[in-house]
Amino acid sequence: MATTTPTRGAPTPPAGGSGAVPNGRGAWRSRLWRFDDLASPYAYIAPFFLVFGAFGLYPLLYTGWIALHRVEMTSLSTSEWVGFDNFTKILQDSEFWTAVTNTFLIGVISTVPQLLVALGLAHLLNYKLRASTFWRTVVLTPYATSVATAALVFALVFRADGGILNWVLHFVGIGNTDWGNGEWTSKIAISVIVIWRWTGYNALIYLAAMQAVPTDLYEAASIDGATRWQQFRKVTIPSLRPTILFTIVISTIGSMQLFGEPLLLQGGTLGSTGGNEHQYETLSIYLYNYGWKLGHLGPAAAVAWAMLALLLLIALINLIVGRFLRKSAV
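Owing to the predicted nature of the structure, the values given are computational and were not obtained by experimental measurement. (Residues numbered from 1 in each chain as written. Predicted model: local features only at pLDDT ≥ 70, side-chain atom pairs only at ≥ 80, totals over all residues. Heavy atoms only, no water.)

## Description of the overall build of the chain
So, point 1. Scanning the chain from N- to C-terminus turns up 14 helices and two strands.
So, point 2. Compactness check: the chain gives a C-alpha radius of gyration of 28 Å against a globular reference of 20 Å for 330 residues, more than 25% above the reference.
So, point 3. Every one of the 330 residues in the chain was classed for burial, and the buried ones make up 35%.
So, point 4. Taking all contacts inside the chain whose residues are at least 6 apart in sequence as the whole, residues at least 24 apart take part in 66%.
So, point 5. Of the roughly 20200 Å² that the chain leaves accessible, carbon and sulfur atoms contribute 68%. (Helix = DSSP H or I, 4+ residues; strand = E, 2+ residues; numbered from the N terminus. Rg over C-alpha atoms; globule rule 2.2 N^0.38 Å. Buried < 20%, exposed > 50% of the residue type's maximum accessible area, 1.4 Å probe, protein only. Contact = heavy atoms within 4.5 Å. Areas by Shrake-Rupley, 256 points an atom, 1.4 Å probe, with all protein chains shown as cover.)

Dropping the structure here:
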């Protein structure tokens, strides 16, 4: 005998009845089921939107409101509408453009070697190695280290007097280098800290993407006589193109937010100003000076929105480049 399976939106007719849903308890239960079907998805995602609204959207909008007012740290309860004067102030400040240039240069110096080394490490880890879990954990260990700890350790490495790096370079005939006060050496020192912390993290992302590449592609390339290097260039890299673009975007966002590394490289007054001549002052340090040292929250909020605008611009450029690469690969 054929049977019917009750659906979610309709209650099961009572046994022995004519199949009609009674107007009492059955109708109420049917309405409850329909309401559950409609409301459950929204209830499941509501916690995310509540947390995002409280800790993401509201601070963003409030920062935008402060950027249009004159607000001082000493008198948070009073504000004065100034329109876009705060934006005009920072755009006319040469130190702001110095911070933009430093942030961009440090980002390039740290991102390019970081992703190249991460690709190489992921390629090595993709082969069958003994104690592969151990090596993956070792690679990820720098990422688990706090920014303060890493910056303080590297500050000792890059010290001008008695630093470990200068001590090693002394044996190859290179004199003492003042890493923190040099125009390019300070940027290199900060970039080394960033590379050390984030290379392993990106390597594991690349490793996960490599393991998702079909083995048939490698087998076909091997049959055609391709070496491992040729397989890496012709099979692995094209397959990882979306992942590479993702890591470029994430690394760019991270470089725009550099704060702990330049702050703790020399520490004290020099660290909080980005060096004696602002040679490694990033946008985050510049914002910190305006907001917390000078107490001018309006320009500091304007800097935050300028950083957001730069990130959106960089994301747009990456999107255009990604589409161009996808079209060229077809």
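## Points about the pattern of salt bridges
Any two side chains of opposite charge can pair, given that their charged atoms come close.
So, point 1. With the rule as written, the count across this model stands at four salt bridges.
So, point 2. Across the pair Asp-161 and Arg-159 runs a salt bridge whose closest N-O atoms are separated by 3.4 Å.
So, point 3. On the basis of relative accessibility, which here comes to 52%, the residue Asp-161 falls in the exposed class.
So, point 4. The class for Arg-159 is partly exposed, based on a relative accessible area of 38%.
So, point 5. A salt bridge links Glu-261 to Arg-197, with the nearest nitrogen and oxygen atoms 3.9 Å apart. (Salt bridge = Lys/Arg side-chain N within 4 Å of Asp/Glu carboxyl O.)

## Digging into the pairing of strand S1 (residues 69-72)
So, point 1. Residues His-69 and Val-71 of S1 are buried on one face, while the alternating residues Arg-70 and Glu-72, pointing to the opposite face, are not.
So, point 2. With three bridges joining them, S1 and strand S2 (residues 75-81) adopt antiparallel strand pairing. In the strand pairing of S2, Glu-72 is matched with Ser-75. (Pairing = 2+ DSSP bridges.)

## Details of the side chain of Asn-289
So, point 1. One can find Asn-289 in helix H13 (residues 283-293).
So, point 2. For Asn-289, a relative accessible area of 9% translates into the label buried.

## A closer look at the confidence of the model for the chain
So, point 1. Overall, the prediction assigns the chain a mean pLDDT of 84, with 92% of residues at 70 or greater.
So, point 2. Within the model, the stretch residues 5-11 combines pLDDT values under 50 with twelve contacts to residues more than four positions away or in other chains. (pLDDT = per-residue confidence, 0-100.)

## Looking at the UniProt feature "transmembrane region" (unreviewed entry) in the chain
So, point 1. Under the UniProt annotation, "transmembrane region" (unreviewed entry) lies at residues 42-68, 104-125, 137-158, 188-209, 243-260 and 302-325.
So, point 2. Along residues 42-68, the helical share is 96% and the strand share 0%, with 35 Å between the first and last C-alpha atoms.
So, point 3. Taken end to end, residues 188-209 is 100% helix and 0% strand, and its first and last C-alpha atoms sit 30 Å apart. (UniProt positions renumbered as here; feature names shortened; annotations may be inferred.)

## Here we look at the packing of aromatic side chains
So, point 1. On inspection of all chains with the given rule, the structure shows 18 aromatic pairs.
So, point 2. For the pair Tyr-58 and Tyr-62, a centre-to-centre distance of 5.9 Å together with 10 degrees between the ring planes defines the contact as stacked. Residue Tyr-58 and its partner Tyr-62 are both found in helix H1 (residues 25-67); the two are separated by four residues, about one turn of the helix.
So, point 3. For Tyr-58, a relative accessible area of 53% puts it in the exposed group.
So, point 4. In this structure Tyr-62 comes out as partly exposed when scored by relative accessible area, which is 40%.
So, point 5. Where Phe-154 meets Phe-158, the ring centres are 6.2 Å apart and the plane angle is 25 degrees; that geometry is what we call stacked. Phe-158 carries the same exposure label as Phe-154, and that label is buried. (Phe/Tyr/Trp six-rings, centres within 6.5 Å; stacked < 30°, edge-to-face > 60°.)

## A short note on the packing of helix H8 (residues 215-223) against helix H9 (residues 228-239)
So, point 1. Remark: H8 packs on H9, axes separated minimally by 10 Å, with the N-to-C direction vectors making an angle of 160 degrees. Between H8 and H9, the angle is such that the two are roughly antiparallel. In this structure, H8 crosses over H9, and the sense of that crossing is right-handed. Residues Leu-217, Tyr-218, Ala-221 and Ser-222 of H8 touch H9, and the partners they reach there are Gln-231, Val-235, Thr-236 and Ser-239.
So, point 2. Looking at the contact of H8 with H9, its residues break down into four nonpolar, four polar and no charged. (Axes fitted to C-alpha atoms, helices over the stretch in contact; angles between N-to-C directions. Parallel < 35°, antiparallel > 145°, perpendicular 65-115°, else oblique. Left-handed = near helix turned anticlockwise from the far one by under 90°. Nonpolar A, V, L, I, M, F, W, Y, C, P; charged D, E, K, R; others polar.)

## Describing the UniProt feature "domain: ABC transmembrane type-1" (unreviewed entry) in the chain
So, point 1. Those places that UniProt annotates as "domain: ABC transmembrane type-1" (unreviewed entry) correspond, in this numbering, to residues 100-321.
So, point 2. Taken end to end, residues 100-321 comprises 77% helix and 0% strand; its first and last C-alpha atoms sit 22 Å apart.

## Here we look at helix H4 (residues 132-144)
So, point 1. For H4, which comprises 13 residues, the first-to-last C-alpha distance of 18 Å matches the rise-based estimate of 18 Å (1.5 Å per residue) to within 8%.
So, point 2. Along its length, H4 shows its largest kink, about 25 degrees, at Val-138, and proline Pro-142 lies within four residues downstream of that point. (Expected span 1.5 Å × (residues − 1). Bend = angle between axes of the 7 residues up to and from the residue.)

## Focus on helix H10 (residues 241-256)
So, point 1. The end-to-end C-alpha separation of H10 is 23 Å, in line with the 22 Å expected for 16 residues at 1.5 Å each.
So, point 2. For H10, the set of buried residues is Thr-243, Ile-244, Leu-245, Thr-247, Ser-251, Thr-252, Ser-255 and Met-256.

## Focus on the nonpolar core
So, point 1. Ile-90, Phe-96, Leu-283, Tyr-286, Val-303 and Met-307 are the most contacted members of the largest nonpolar core, which totals 20 residues.
So, point 2. Among the secondary structure elements, those contributing two or more residues to this core are H1, helix H3 (94-125), H13 and helix H14 (297-329).
So, point 3. Looking at this core, the element that brings in the most residues is H14, giving eight residues.
So, point 4. Beyond its immediate sequence surroundings of up to four residues, Leu-283 is in contact with Phe-96, Ala-99, Val-100, Thr-103, Met-256, Val-303, Met-307 and Leu-310.
So, point 5. In terms of nonpolar packing, the next biggest core, distinct from the first, is built from 14 residues, Met-210, Phe-232, Leu-240 and Ile-244 among them. (Core = buried A, V, L, I, M, F, W, Y, C linked by side-chain atoms within 4.5 Å.)

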